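Notes for the structure review
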2 protein chains.
Amino acid sequence: MNLNEEVEVLKGVPIFSKMELARLKLIAFTGERMTYLEGQELCHQGDPGDAMYVILGGVAEVLIDTPAGPIPVAELRKNNFVGETAILCDVPRTATVKAREPVVTLKITKDMFYRLVAEFPQMAIEIMRELAHRVDDTNKKLEELTAANRAA
Amino acid sequence: MNLNEEVEVLKGVPIFSKMELARLKLIAFTGERMTYLEGQELCHQGDPGDAMYVILGGVAEVLIDTPAGPIPVAELRKNNFVGETAILCDVPRTATVKAREPVVTLKITKDMFYRLVAEFPQMAIEIMRELAHRVDDTNKKLEELTAANRAA
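Residues numbered from 1 in each chain as written. Chains lettered and ligands numbered in written order. Predicted model: local features only at pLDDT ≥ 70, side-chain atom pairs only at ≥ 80, totals over all residues. Heavy atoms only, no water.

Side note on the confidence of the model for chain A
Rules: On a scale of 0 to 100, pLDDT captures the predictor's confidence in every residue.
For chain A, per-residue confidence averages 90 on the pLDDT scale, and residues scoring 70 or more make up 100% of the total. Overall fold confidence (pTM) sits at 0.88, and the ipTM for the predicted complex is 0.87.

Digging into the relation of the copies chain A and chain B
Which entries qualify depends on this criterion: Each copy is superposed on the other by least squares, with the fit set by C-alpha atoms of residues at a pLDDT of at least 70 in both. The contact definition used throughout considers only heavy atoms, calling two residues in contact when any of these lie within 4.5 Å.
Between the two copies, chain A and chain B, the superposition gives an RMSD of 0.1 Å; the rotation angle is 180 degrees and the shift along the axis is 0.0 Å. Look at the turn and shift together and you get a two-fold axis relating the two. Interface overlap between copies is the fraction of interface residues in one copy that are interface residues in the other; for chain A against chain B it reaches 100%, indicating a shared surface.

Some details on the pattern of salt bridges
When the charged atoms of two side chains lie near each other, side chains of opposite charge can form a pair. All names here are of chain A. The condition that has to hold: Throughout this description, the term salt bridge denotes a Lys or Arg side-chain nitrogen within 4 Å of a carboxyl oxygen of Asp or Glu. The numbering of helices and of strands both runs from the N terminus, where a helix is a DSSP run of H or I of at least 4 residues and a strand a run of E of at least 2.
Counted according to the given criterion, the structure contains 25 salt bridges over all chains. Residue Arg23 is joined to Glu119 by a salt bridge in which the shortest nitrogen-to-oxygen separation is 2.8 Å. Of this pair, Arg23 sits in helix H2 (residues 21-30) while Glu119 sits in helix H4 (residues 110-119), placing them 96 residues apart in sequence. Glu75 is the partner of Arg77 in a salt bridge, and the nearest nitrogen-oxygen pair spans 2.9 Å.

Some thoughts on the pairing of strand S8 (residues 103-109) of chain A
The side chains of a regular strand alternate between the sheet's two faces. All names here are of chain A. Stated formally: Any residue under 20% of the maximum accessible area for its type is buried, any over 50% is exposed, and the rest in between are partly exposed; the area is computed with a 1.4 Å probe on protein chains only. DSSP calls a pair of strands paired once it identifies at least 2 bridges connecting them.
Burial of S8 is extensive: five of the seven residues sit out of reach of the surface. Bridge analysis of strand S1 (residues 32-36) against S8 gives five bridges, and the strand direction is antiparallel. Bridge pairing in S8 places Met34 opposite Thr105. Looking at chain direction, strand S3 (residues 51-57) and S8 are connected through six bridges and run antiparallel. Opposite Ala51, over in S8, you have Thr109 as the bridge partner.

Overview of H2(A)
Residues and elements named next belong to chain A. Convention followed: Think of it as the arc spanned by the lines of direction from the helix axis to the C-beta atoms.
Residues of H2 that are buried: Arg23, Leu24, Ile27 and Ala28. Buried residues of H2, seen end-on, are gathered within an arc of 140 degrees and therefore sit on one face of the element. Those residues of H2 that are exposed and aimed more than 90 degrees away from the buried face are Ala22 and Phe29. Those residues of H2 that are buried are in contact with helix H1 (3-11), S1, S8 and H4.

Concerning the interface of chain A and chain B
Our working rule: Summed over both partners, the accessible area lost on bringing two parts together, with a 1.4 Å probe, is the buried area. Identification of polar contacts relies on pairs of N or O atoms within 3.5 Å, with a donor-acceptor requirement for protein atoms, meaning one able to donate a hydrogen and the other able to accept it, and with residues adjacent in sequence counted only if both atoms are side-chain atoms. Polar here means any residue outside two lists: the nonpolar Ala, Val, Leu, Ile, Met, Phe, Trp, Tyr, Cys and Pro, and the charged Asp, Glu, Lys and Arg; Gly therefore counts as polar.
Taken together, the 31 residues of chain A in the interface contact 31 residues of chain B. Note on chain A versus chain B: buried area summed over both sides is about 3,000 Å², and carbon and sulfur give 77% of it. Three residues, A:Leu88, A:Met128 and A:Leu142, lead the burial of chain A against chain B; their summed loss comes to 18% of the area buried on that side. The tally of links between chain A and chain B comes to zero salt bridges. At the junction of chain A with chain B, the criterion picks out four residue pairs in polar contact (both at pLDDT 80 or more). Secondary structure elements with two or more residues in the side of chain A that touches chain B: helix H3 (84-89), H4 and helix H5 (121-151) of chain A. Ranked by residues supplied to the side of chain A that touches chain B, first place goes to H5(A) with 21 residues. Split into classes, the residues belonging to the side of chain A that touches chain B amount to 18 nonpolar, seven polar and six charged.

Quick notes on the sheet that holds strand S2 (residues 41-43) of chain A
All names here are of chain A. As a reminder, the rule being used: In this description, a line fitted to the C-alpha atoms serves as the axis of each element, helices being fitted only across the stretch in contact, and the angle between N-to-C directions of two axes falls anywhere from 0 to 180 degrees.
What the four strands build is an open sheet, ordered S2-S7-S4-S5; its pairing is antiparallel. Taken across any chain shown, the strands that pair with only one partner, and hence form the sheet edges, are S2 and strand S5 (71-76). Each adjacent strand pair in this sheet contributes to an overall mean axis angle of 30 degrees, direction not counted.

The structure is reproduced here in structure tokens:
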């Protein structure tokens, strides 16, 4: 991808959608592009983490360790972001993320993340919105499972 | 509470902790203080919502409607915040919040919330941090329940 193509891709990512063009160019220019082949890991549960990833293309899966081995809990596609928990909460990676097919990401380091949020409150709002949705979705699944268990 | 006492309380709330004194005074002055007696509801699942609440004192419980009636899913105490989903995601209240003992809150309207976040990125960071923790906690509960169900 050349810089202009990349800016077009970033414009489609909700957390960047309200940013001005000059800023998107800067992100496209300074952000690290990472490509993962099928089976390669973006991050591994338990490892320290100092970056989040925005998926620019491909499909990755989120896996959680269980006594019976890792189980898939979510799928990530273009425009999704992942890895924010480790940089926001200063905890090790809470899940493993693995490419199911070739995946291209924009890597946003912790420093870059805090700088972007400070300069672009709209990005913080989009991230809060997505996190609030995730809390809500997970709570709904939890309620359904609890209700099913009570009925059983 | 007088204004100075209130500012002291706000200083202890993580989402306001890094704000300068003048700003805290403004929040204390303009924010609406609400008091709820035992059994009174801060918000009701399914209702439209245009504000979030920071708990300044007392204990409230979060209840979710189920076919078997409302079940408690969380407890809120001093410094917790609640109600952000409705204002971030433009959805009706996703839960009922009810005072278990007298509760004092600072009501932050949607407009005020977006203004504060735009001016104080640190507040956005604290909210993102808390939401990331909630995602993580809820996911862990879901994993435990899933693992228990598989073992059963």
